[in-house]
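# Inside the fold
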Amino acid sequence: MTQTIIQTSNLYLPTILIPLLPLLGFFINALFGKKLGHASGWIATAVLFGAFACSLFLFLNLPTGGSETITISNWFYFKNIFIPFAFLIDPLSITMLLVITGIGSLIHLYSIGYMHHDEGFSRFFSYLNLFIFFMLLLVMGNNYLIMFIGWEGVGLCSYLLIGFWFKNQAFNDAAKKAFIMNRIGDLGFIIGMFMMLFYFNSLNFDVVTIGALKLGMGNMTIIYITLFLFVGVMGKSAQLPLYTWLPDAMAGPTPVSALIHAATMVTAGIYMIARSNVLFSLAPHTLDVILIVGTATSLFAAVIGLKQNDIKKVLAYSTVSQLGLMFAALGMGAYESGMFHVVTHAFFKALLFLGAGSVIHAMGGEQDMRNMGGLGKFIKITFATFLIGTVAISGIPPFAGFFSKDEILATAFEHNKVIWGLLSFSSMLTAFYMFRLVYLTFSSSFRGTDEVKHHIHESPATMTMPLIILAACAIIAGFIGLPTIISHTHLFKNYLASVFAQSKLIMPAGHEMSHSMEWILVGTAVTLALVSIAFAYQKYVMQKHVPAADENVKGISKVVANKFYVDEIYNTVFVKPIMLLSDLFLVVVDKLIVDLLVHAIAFITNQIGRALRLLQTGHVGFYMFAMVISMIILLAVQIFVVI
Amino acid sequence: MENTIQAVPQNWYLLLSTFMFCIGVMGVLLRRNAIIILMCIELMLNAVNLLLVSFSSYAGNAEGQVFVFFIMVVAAAEVAVGLALLVSIYRNIASTDIDILSKMKW
């Protein structure tokens, strides 16, 4: 591990400012939000741009391959365990910092326009700032405990923001679902941390890494630790079988979906695995599990995405699917490729969600694509930027998604042909349902009511500006990771090289693929994408096919449209038995045992009181008599009994 | 060790105190006028005070006598409260007979 010792003074201030600025924004908005009114949105956005500037400063000033630990305080000692409150600044955390603060500030800017008429305007921004603060803690901590604080904090903010419109009971349920699903995963994370404390006496990334290296390859301890960590990741990053909360999380305002449920929070799992890459590289079985889960999730979510009619639900399943793709990359040990896809995905998925938000804004809250259509004529900027995002996610060169996806597919081809086939198929489905979304929303003619049609308007500049910037990023972001057939300098890979150097030593490096083979792969991927786009065009533009109303869907389509009934299955298998059990406990333990005990005590006390109160006659003479007699008795006891 | 308290033998103090205390107890038990009862209670209190002073003197320790001063101060305050209560009772039932005062119950 190359630890470059450099002067701390020049990085200390920006490092602590990065999390502190959003925290400050949170306090200002939470305490004075009502008085500030719409200014609170601008304050929240300003602090984020400040944090972004600090992140840029770190990016420019940290020497290549260097890493620096910035200790704020010695948090606590316990026996031989020492946990510092320290931040680790290295290429990996800087990558995440740039994504979070960069995209975060654009989404804040967008929210000013999107939430303008909402009564909870300043509350919204205080939550967003708090979320960013926790997310930054998550990626900056130099040990698992600080990461865990952020991990839980973003879960809390996700809960608050999904249930932002808390007057709607369905939204509250979605928020609770997200929270509980995450809690299941977090239990895995906690167990993983305890095991690390037990075996390595530390939670610091570097100490744990050294300890793991001592244990060696394929050690059962490491396999257990990594499996438990992966359970935590499954919850946070919405992988099978804990993914069901993410589509429901679309109940929150659209900027929230863009920020939390597409660009940042759900990628925390990928960051965590990338951060503990040595551990995972030492546990090949865990990597296989990750690969299988990732591939299965990618395919499963893509299939469900084909039949969704809610514009945000399609994007949600697409996010789950793309996350699956990233995990497949991690499972093959291609950590840089996974991280690369995190970055490009953050750009184009945030763009797509914000674009969808702009569409919903124009439609006055309508989210069903069957009631849209022909919007391209009315909202040109949204349409253009949305199209760029769609092309990027579909993997058409030279847009961002192509490069990262191609890298993962190439790795998969070397690793296992079946996985490659499945992932390619999933990418093909992605291209299909994304263009289905675009055609249904933007082309042909308007299918909604005249009232809505009259209302359609382009969003204000605060909303279109972020769209344009993100669209530009979605076009060019891919160039930081050009494949070897085009250029030999993979900027992104080189930048992160120091982080994954250790893993590269452990894992057998794949042989360099021949250029002709890679050209064939690229050609196949692009052809598949183009074919499915053409198919979508033929179906939804030429034939003007519109998905049938919910009750007319039959057969296999119905199963897919109902998300394979996974929610219903979970309901039957987990929720109902637990409800039954709690009913049982209510009747047996609570009513029969606890209530009986409490009521019995109350009853006895009451009866004794009833008997004793007869002594209280109200005659003062009697009281005095009783007093004197009692004194005499006490005296007698004192003299004759005790001594 | 010549002083006025020790001019009298200690037994006599004991007898006097017991006598006074018994008068107080009997008064409390037998009389029905609340003012008399209050006076009897004071009598009991002062019987104990007297005993405390004599014992303190014979033991050659001044603490008991100092303590008695405190008791007297507190007793004065207590009498004020007791008399105030009596006035209040009298205003309500136009009597200080404790047998009429029979509402002090649940």
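Reading the values: the criteria
What you see as residue numbers is a count from 1 along each chain, following the sequence as written. Think of it this way: whatever chain is written first is A, whatever ligand is written first is 1, and the rest follow in order. The predicted nature of this model means local features are confined to residues of pLDDT at least 70 and side-chain atom pairs, given and counted, to a pLDDT of 80 or more, with totals for whole chains, interfaces and linings taken over all residues. Heavy atoms from the whole structure form the basis of all side-chain values; hydrogens and water molecules are not counted. By definition, any uninterrupted DSSP run of H or I lasting at least four residues is a helix, any uninterrupted run of E lasting at least two residues is a strand, and each is numbered from the N terminus. We compute the radius of gyration from the C-alpha atoms alone; for a globule the expected value is 2.2 Å times N to the 0.38, where N is the number of residues. Burial classes follow relative accessibility: with a 1.4 Å probe on protein chains only, a residue under 20% of its type's maximum area counts as buried, one over 50% as exposed, and anything between as partly exposed. Note on contacts: a residue pair qualifies if any of its non-hydrogen atoms lie within 4.5 Å across the two residues. To be clear on the numbers: accessible area is Shrake-Rupley with a 1.4 Å probe, and residue cover counts the displayed protein chains and nothing else. Counted as positive: Lys and Arg. Counted as negative: Asp and Glu. His and the chain ends are not counted at all. In this description, the location of a charge corresponds to atom NZ of lysine, CZ of arginine, CG of aspartate or CD of glutamate. Buriedness of a pocket was judged along seven lines, with at least five required to meet protein on both sides within 12 Å; pockets are open sets of points on a 1 Å grid over the protein atoms alone, cavities are sets where a 1.4 Å probe fits but cannot get out, and lining residues have an atom within 4 Å of a point. Grid points are joined across faces, edges and corners, and a volume is the space filled by probe spheres set on the points. Basically, the charged four are Asp, Glu, Lys and Arg, the nonpolar ten are Ala, Val, Leu, Ile, Met, Phe, Trp, Tyr, Cys and Pro, and anything else, Gly included, counts as polar. Any two of the Phe, Tyr and Trp rings considered here, Trp counted by its six-membered ring, make a pair once their centres fall within 6.5 Å; the pair's planes then place it as stacked at under 30 degrees, edge-to-face at over 60, or tilted in between. For a Lys NZ or an Arg CZ to count as sitting over a ring, it must be within 6 Å of the ring centre and within 35 degrees of the ring normal. Here the quantity called buried area is the total loss of accessible area, with a 1.4 Å probe, experienced by two parts when brought into contact, counted for both. Here, a salt bridge means any Lys or Arg side-chain nitrogen found within 4 Å of an Asp or Glu carboxyl oxygen. Distance and chemistry together define a polar contact, namely a pair of N or O atoms within 3.5 Å, with one atom able to donate a hydrogen and the other to accept it when in protein, and with adjacent residues in sequence counting only for side-chain atoms on both sides.

Once that is clear, we can look at the overall build of chain B. Helix and strand counts for chain B stand at 3 helices and 0 strands. Moving toward the C terminus, one meets the helices and strands of chain B in the order α-α-α. Radius of gyration (C-alpha) of chain B: 17 Å, far over the 13 Å computed for a compact globule of 106 residues. Over its C-alpha atoms, taken along the principal directions, chain B stretches across nearly 55 × 25 × 25 Å. Counting every position in chain B, which comprises 106 residues, the buried fraction comes to 26%. Summarising the internal contacts of chain B: among those between residues at least 6 apart in sequence, 59% fall at separations of at least 24. By element, 72% of the accessible surface of chain B is carried by carbon and sulfur atoms, the whole surface being about 7200 Å². A gap of 22 Å separates the mean positions of the 5 positive and 6 negative side-chain charges of chain B.

Residue and element names in this part refer to chain A. The volume enclosed by the second largest pocket comes to roughly 750 Å³. Around the second largest pocket, the lining is made up of 25 residues, and of these Asp173, Lys177, Met181, Asp248 and Asp567 lie nearest the centre. Elements with a contribution of two residues or more to the lining of the second largest pocket: α6 (169-200), α9 (245-248) and α24 (566-612). Tallying contributions element by element places α6 first for the lining of the second largest pocket, with 9 residues. Partitioning the lining of the second largest pocket into residue classes produces 15 nonpolar, 3 polar and 7 charged.

Residue and element names in this part refer to chain A. Scanning the entire structure with this criterion turns up 33 aromatic pairs over all chains. By the ring-pair criterion, three or more aromatic residues cluster together here, those being Phe121, Phe124, Phe125, Tyr127, Phe164 and Trp165. We note Arg183 situated over the ring of Phe179; from NZ or CZ to the ring centre the distance is 4.3 Å. Over the ring of Phe413 we find Lys417; its NZ or CZ atom is 4.4 Å from the centre of that ring.

On to the environment of Val87(B), then. Along the chain, Val87(B) falls in helix α3 (residues 63-93). With 52 residues separating them in the primary sequence, Val87(B) and Ile35(B) have C-alpha atoms 10.0 Å apart.

For the rest of this paragraph, the subject is the interface of chain A and chain B. With 13 residues of chain A at the interface, the matching set in chain B holds 14 residues. For the chain A and chain B pair, buried surface summed over both sides reaches about 1100 Å², with 74% attributable to carbon and sulfur atoms. For the chain A face of the interface with chain B, the top three residues by lost area are Val620(A), Met624(A) and Val628(A), together amounting to 39%. On inspection of chain A and its partner chain B, the count reaches 0 salt bridges. At the junction of chain A with chain B, the criterion picks out 0 residue pairs in polar contact (both at pLDDT 80 or more). Broken down by class, the residue content of the side of chain A that touches chain B amounts to 7 nonpolar, 5 polar and 1 charged.

Residue and element names in this part refer to chain A. Mapped onto the elements of the fold, His455 is located in helix α19 (residues 450-455). A C-alpha to C-alpha distance of 23 Å links His455 and Trp165, two positions 290 residues apart in sequence. In this structure, His455 is in contact with His361, Ala362, Met363 and Gly364, ignoring residues within four places of it in sequence.

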